[in-house]
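# Observations on the three-dimensional arrangement
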Amino acid sequence: MKRTGLLLLGFICVFSMTGCRSEIERDIAGSGDMTVDIPSTEANRPKEFTIDLAPDRIPLAEYRDQYEAEVEKVLETEYDRLRFSEDCELSPIDGAETVGIYQLGSERLGVDESIGIIEDWLEEVGHDELDLKAELRSVSGEHCVKEGTDWEWPLVYDYYPDWESGFGFYINTNACHIQLLSNGIYSMSDGSITAYLGLDGHASSDAMRADGELVDSGLVAQKGEDVWELTDGEMSVAEAAELVREYFEAGTPRQNTDGVSVDVPWVEVFTLNDKYEYAFQVRRIYKGVPFSYVDWGPRTYYGYEIGGDTKRAYVIRHDAVAAFAGYSEAQPIEPLMEEQTAILPLQDAVERLDDFLADKVRLEVGKAGLAYCVYCETDTETGAVTETAIPCWEFESVNRTNDQFLTFYVNVLSGEVYYYEHG
């Protein structure tokens, strides 16, 4: 199977940092595989949030002691429209003490701050010989010139310092790639994958896909002891995952938001000529509760957009993350309501989901656990995307009636059910 991931060709799609898609798309050619998010505006500043709290919630401090027994009970129970697979993974809730509903914010970088970040990064990855005046461009929309059907992204130094911010500054050459968005580095490639494969294209492709054949995949917790030969020798999945975790814990480059830590839950292994390459899914943990993680790829929504963290990081050697693309751990997280110490128990959530499903649905759940999903709303006038993190029981599943892949979320505060379809 050849993995192509998300590769943006011929136009720029406007995405938020978690992968929730705006209703607006810019029809712009010659983008060089860039991805842009929508910056913060007055329309998506933190706002008051109200919710009808379910009456049958249980204090987390009490529920943690009951959870393991409840998991066993849920797995043994026969429901009308759903069942759990024999190898279903149900995540522990040991780290959770409170949950809340939060708005995910956006802070633009200053012009000189952005240039400084890029200069430091170029030195770090060994490409400080690159001429910024000839290669540093912006996809912010400022100073753009349209030639026929194509947009020409302007050189930053042609208009320096006349920029509102450093949002959208990027470099994309064969040697390396970096792109800044609102909260720091959104994507980068040190060029080592492109160089190893002897490719002539832009290094940004390294951050958007793996070029080889997919040979293995699974949870890092299960695959950790597996060893594959990378470009500089053998390395276990666990070692590479720890390298990725430490890289993002350190910030890219802004310090991570208070309460945020990093989890690397999933790995895919691809061929890289006669060697191998790790592609990891990365997600945030906020105050002990992980975010749902969502891979690149097509999704179908039903009246609203919902998902989770989308970030992939690539490792081909022992000493560095070679490339990545996705959200920033420095993204501001603002509470919209008082944090809660009680949640809807798993058994109640499963029963609500079973009642929610249509009679003909036969759902098989392969993975479940407590997680923050990200609910997205788009302002139709400004195009600004508001992202709200909501604590839920997450159920990754397949409708065996038609082999439809679905992810369901049951709000642990209100009991509301959300879902989307994916490939």
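Here is what the cut-offs are and how they apply
- Residues numbered from 1 in each chain as written.
- Predicted model: local features only at pLDDT ≥ 70, side-chain atom pairs only at ≥ 80, totals over all residues.
- Heavy atoms only, no water.
- Helix = DSSP H or I, 4+ residues; strand = E, 2+ residues; numbered from the N terminus.
- Buried < 20%, exposed > 50% of the residue type's maximum accessible area, 1.4 Å probe, protein only.
- Contact = heavy atoms within 4.5 Å.
- Areas by Shrake-Rupley, 256 points an atom, 1.4 Å probe, with all protein chains shown as cover.
- Salt bridge = Lys/Arg side-chain N within 4 Å of Asp/Glu carboxyl O.
- Phe/Tyr/Trp six-rings, centres within 6.5 Å; stacked < 30°, edge-to-face > 60°.
- Core = buried A, V, L, I, M, F, W, Y, C linked by side-chain atoms within 4.5 Å.
- Axes fitted to C-alpha atoms, helices over the stretch in contact; angles between N-to-C directions.
- Parallel < 35°, antiparallel > 145°, perpendicular 65-115°, else oblique.
- Nonpolar A, V, L, I, M, F, W, Y, C, P; charged D, E, K, R; others polar.
- Polar contact = N/O pair within 3.5 Å; in protein donor to acceptor, adjacent residues only side chain to side chain.
- Pairing = 2+ DSSP bridges.
- Expected span 1.5 Å × (residues − 1).
- Arc of directions from axis to C-beta.

### Overview of the overall build of the protein
Secondary structure assignment for the protein yields eight helices and 27 strands. A total of 423 residues make up the protein; the buried ones form 57% of that total. Pairs at least 24 apart in sequence give 69% of the contacts found in the protein among residues at least 6 apart. Just so you have it, the protein exposes about 17900 Å², and 45% of that area is on carbon and sulfur atoms.

### Focus: the pattern of salt bridges
A side chain with one charge may pair with a side chain of the opposite charge, provided their charged atoms come close. Tallied over the full model, the rule gives 22 salt bridges. Note that Arg81 and Asp359 form a salt bridge whose closest N and O atoms lie 3.2 Å from each other. In this pair, Arg81 is assigned in the loop between helix 1 (60–76) and strand 4 (82–90) and Asp359 in the loop between helix 8 (346–356) and strand 24 (363–378), connecting sequence segments 278 residues apart. Notably, a salt bridge pairs Glu249 with Arg245, separated by 3.3 Å at the nearest N-O pair. Pair noted here: Glu249 and Arg245 are both in helix 7 (residues 237–249), with a separation of four residues, about one helical turn. Note on Glu249: relative accessible area 26%, which makes it partly exposed. Given the relative accessible area of 27%, Arg245 is considered partly exposed. What you see here is one network of salt bridges that share partners, running through Arg83, Glu364, Arg400 and Asp403.

### A closer look at the packing of aromatic side chains
Applying the stated criterion to the full structure yields 22 aromatic pairs. Between the aromatic rings of Tyr247 and Phe248, the centroid separation amounts to 5.0 Å while the plane-to-plane angle is 90°, which identifies the pairing as edge-to-face. In this structure Phe248 comes out as buried when scored by relative accessible area, which is 0%. Arranged with centres 5.0 Å apart and planes meeting at 85°, the rings of Phe248 and Phe324 form a pair that is edge-to-face. Within this pair, whereas Phe248 is found in helix 7, its partner Phe324 is found in strand 21 (residues 323–326), the two being separated by 76 residues in sequence. We classify Phe324 as buried; its relative accessible area is 0%.

### So, the nonpolar core
Ranked by internal contacts, the top residues of the largest apolar core, which has 51 residues, are Phe84, Leu346, Leu353, Leu363, Trp393 and Phe395. Among the secondary structure elements, those contributing two or more residues to this core are helix 1, strand 4, strand 5 (102–104), helix 8, strand 24, strand 25 (385–399) and strand 26 (404–411). The element that contributes the greatest number of residues to this core is strand 24, accounting for seven residues. With near-sequence residues (within four places) excluded, Leu353 lies in contact with Leu82, Leu363, Phe395, Phe408, Val410 and Val417. In this structure, Cys176, Val237, Val315 and Val321 belong to the second largest nonpolar core, which totals 41 residues.

### Points about the packing of helix 1 against helix 8
The packing of two helices is summarised by the inter-axis angle and the distance between the axes. Where helix 1 meets helix 8, the closest approach of the two axes is 9 Å, and the angle between their N-to-C directions is 40°. Relative to helix 8, helix 1 is oriented oblique. In contact with Tyr63, Tyr67, Glu70, Val71, Lys73 and Val74 of helix 1, helix 8 contributes Leu346, Gln347 and Val350. Class assignment for the residues of the contact of helix 1 with helix 8 results in six nonpolar, one polar and two charged.

### Structural notes on the side chain of Gln404
As for its position among the elements, Gln404 is in strand 26. Since its relative accessible area comes to 18%, Gln404 is described here as buried. A polar contact is formed between the side chain of Gln404 and the side chain of Glu421, at a distance of 3.0 Å. Those residues in contact with Gln404, other than ones at most four positions away along the chain, are Tyr302, Ser397, Val398, Asn399 and Glu421.

### Examining the pairing of strand 24
Both faces of the sheet carry side chains from a regular strand, because those side chains alternate between them. Among the 16 residues that make up strand 24, 13 are buried, leaving the element largely enclosed by the rest of the structure. Pairing geometry for strand 4 and strand 24, over five bridges, is parallel. Following the sheet pairing, Arg83 is matched in strand 24 by Glu364. Relative to strand 24, strand 19 (residues 305–307) runs antiparallel, the two sharing three bridges. Bridged to Glu305 within strand 24 is Cys376. Remark: six residues form the turn of the hairpin made by strand 24 and strand 25, two consecutive strands paired antiparallel; Gly383 in that turn has positive phi of roughly 80°.

### Let's talk about helix 2 (residues 111–124)
In a regular helix each residue adds 1.5 Å, so 14 residues correspond to 20 Å; helix 2 covers 20 Å between its end C-alpha atoms and thus fits that length. Listed in full, the buried residues belonging to helix 2 are Val111, Ser114, Ile115, Ile117, Ile118, Trp121 and Leu122. Taken end-on, helix 2 shows its buried residues confined to a sector of 155°, consistent with a single buried face. Opposite the buried face of helix 2, by more than 90 degrees, sit the exposed residues Asp112, Asp120, Glu123 and Glu124. Looking at the buried positions of helix 2, the neighbouring elements they touch are helix 3 (132–135), strand 9 (169–172), strand 10 (177–181) and strand 11 (184–189). The positive-phi residue at the C-terminal boundary of helix 2 is Gly126, with phi of around 80°.

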